[in-house]
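What the coordinates show
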Amino acid sequence: MVRSLLAAVSLITRCPLGKFLPTERELQSCSNYFPVVGLLLGILLYWPSYYAIAWFSPSAGGFLVLLMLEAVSGGFHLDGLADTADAFLSSRTRERKLEIMHDSHIGTMGVAAIVLVLLGKYSVLSMLPPWQVGACVLFCAFIGRLGITCYLLISRYARPNGLGKILYDRRPYGGVLVGLVLGLGASLCFFGFDFLWILLPPLLFVVLWDRVCRMQIGGATGDTIGACEQLLELLVCFEMLYFFS
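Residues numbered from 1 in each chain as written. Predicted model: local features only at pLDDT ≥ 70, side-chain atom pairs only at ≥ 80, totals over all residues. Heavy atoms only, no water.

To continue, consider the side chain of Thr-221. Secondary-structure assignment places Thr-221 in the loop between α10 (196-217) and α11 (222-244). Apart from residues lying up to four places away in sequence, Thr-221 is in contact with Leu-98, Met-101, Tyr-157, Ala-158 and Arg-159. (Helix = DSSP H or I, 4+ residues; strand = E, 2+ residues; numbered from the N terminus. Contact = heavy atoms within 4.5 Å.)

Laid out in structure tokens, this is it:
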């Protein structure tokens, strides 16, 4: 259990783990721990985000909060967002779209997607007062990773092989259940009985995103997983803006 949790940390964050190297079996089951890792990251970032807004101007504080939010994953999910945008907005065949996603270069649509998503998150983070920014970052980190686990549960892998295929060897039923329980608890603490309106839109988005990916390329890839996480963070930001306004 502990090694699978560490495998999850090594896969979706840039937290240093020394010489730890997960086994194939640990990688197969690590998606069950993505929501736990997301919640821990959110808790870790809560107070730094709070003080970034409290000590600096809204614009500077918003920039620092966004930087911290992206730094924990090393921009890994942003790369997936860019590759997905380049492929899905290319009007090419399914096979060609998969080739585009495999290419390490970023095109115009990919750059535009990164800029727009970061700008959207920054615009919200720079508008909220300190404690609300802390809550926003906590739920961005948590729901983004919970969404990955839910997406892995309902989607299918689009390639015959690839780095992300190992995550599909075992379906994360337990991870989704644990993540939903954690999400209900965290939402109740911050929003009381309005918690459903925090969790429901992201869950519906995951289902919609799965349908879009199936239509575009026949399923999921590592890039669409990263794109899902980034788009969920953006969705959570605007949810928070709505609830706190």
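Attention shifts here to the pattern of salt bridges. What the rule picks out here adds up to eight salt bridges. One salt bridge in this structure joins Arg-214 and Asp-210, with 3.0 Å as the shortest N-O distance. Of the two residues, Arg-214 and Asp-210 both sit in helix α10, four residues apart, roughly one turn of that helix. When salt bridges that share partners are traced, they join Glu-70, Lys-121, Arg-145, Glu-229 and Glu-233 into one network. (Salt bridge = Lys/Arg side-chain N within 4 Å of Asp/Glu carboxyl O.)

Now for helix α7 (residues 108-125). Taking 1.5 Å as the rise per residue, α7 with 18 residues should run 26 Å; its terminal C-alpha atoms sit 26 Å apart, in good agreement. Residues Gly-110, Ala-113, Ile-114, Val-117, Gly-120, Lys-121, Val-124 and Leu-125 constitute the buried set of α7. Looking straight down α7, one finds that the buried residues subtend no more than 135° of arc, so they occupy a single side. Exposed residues lying more than 90 degrees from the buried face of α7 are Thr-108, Leu-116 and Leu-119. Looking at the buried residues of α7, the elements they touch are α3 (34-55), α4 (58-71), α5 (76-88), α8 (130-154) and α11. (Expected span 1.5 Å × (residues − 1). Buried < 20%, exposed > 50% of the residue type's maximum accessible area, 1.4 Å probe, protein only. Arc of directions from axis to C-beta.)

This paragraph deals with the nonpolar core. Within the largest apolar cluster, 75 residues are counted, with the highest numbers of intra-cluster contacts made by Phe-34, Phe-139, Tyr-151, Leu-167, Trp-209 and Met-240. Here this core takes 15 residues from α8, the largest share from any one element. (Core = buried A, V, L, I, M, F, W, Y, C linked by side-chain atoms within 4.5 Å.)

Before going further, it helps to examine the side chain of Ser-73. Relative to the helices and strands, Ser-73 is located in the loop between α4 and α5. With relative accessibility at 2%, the residue Ser-73 sits in the buried group. What Ser-73 contacts, discounting residues up to four positions off in sequence, is Ile-12, Thr-13, Arg-14 and Arg-145.

Glancing now at the environment of Leu-5. Tracing the backbone through its elements, the reader meets Leu-5 in helix α1 (residues 2-12). We classify Leu-5 as partly exposed; its relative accessible area is 25%. For Leu-5, the residues in contact, after removing those within four places along its chain, are Tyr-33, Val-36 and Val-37.

Scanning all chains against the criterion turns up 11 aromatic pairs. Their ring planes at 50° and their centres at 6.4 Å tell us that Tyr-46 and Phe-190 sit as a pair that is tilted. Here Phe-190 lies in helix α9 (residues 173-191) and Tyr-46 lies in helix α3, a separation of 144 residues in the sequence. Seen in terms of ring centroids, Phe-205 and Trp-209 are 6.1 Å apart; in terms of plane orientation they differ by 15°. Their pairing is stacked. Residue Phe-205 and its partner Trp-209 are both found in helix α10; the two are separated by four residues, about one turn of the helix. Classification of Phe-205 as buried rests on a relative accessible area of 19%. The rings of Tyr-46, Trp-47, Tyr-50, Tyr-51, Trp-55, Phe-139 and Phe-190 are connected pair by pair, giving a single aromatic cluster. (Phe/Tyr/Trp six-rings, centres within 6.5 Å; stacked < 30°, edge-to-face > 60°.)

Nonpolar side chains collect at one region of the surface, where Leu-184, Leu-196, Trp-197, Leu-200 and Leu-204 lie side by side and expose about 510 Å² of accessible area between them. It is α10 that contributes the most residues to the nonpolar patch, four residues altogether. With respect to the helices, strands and loops of the structure, Leu-204 is situated in helix α10. (Patch = residues over 30% accessible without salt bridge, like charges linked within 9 Å, V, L, I, M, F, W, Y side chains within 5 Å. Areas by Shrake-Rupley, 256 points an atom, 1.4 Å probe, with all protein chains shown as cover.)

At Ser-91, a position not held by glycine, the phi torsion is positive, near 55°. As for its placement among the helices and strands, Ser-91 is situated in the loop between α5 and α6 (94-102).

Attention now moves to the packing of α3 against α4. To characterise two packed helices, one gives the angle between the axes of the helices and the distance between these axes. Running from amino to carboxyl end, α3 crosses α4 at an angle of 160°, the nearest separation of the two axes being 8 Å. With respect to their mutual orientation, α3 and α4 come out roughly antiparallel. Crossing hand, α3 versus α4: right-handed. Here Leu-45, Pro-48, Ser-49, Ala-52 and Ile-53 of α3 lie close against α4, whose contacting residues are Pro-58, Gly-61, Gly-62, Leu-64, Val-65, Met-68 and Leu-69. Class assignment of the residues belonging to the contact of α3 with α4 gives a composition of nine nonpolar, three polar and no charged. (Axes fitted to C-alpha atoms, helices over the stretch in contact; angles between N-to-C directions. Parallel < 35°, antiparallel > 145°, perpendicular 65-115°, else oblique. Left-handed = near helix turned anticlockwise from the far one by under 90°. Nonpolar A, V, L, I, M, F, W, Y, C, P; charged D, E, K, R; others polar.)

So, to be careful, I would describe these as geometric facts and stop short of saying anything about function.
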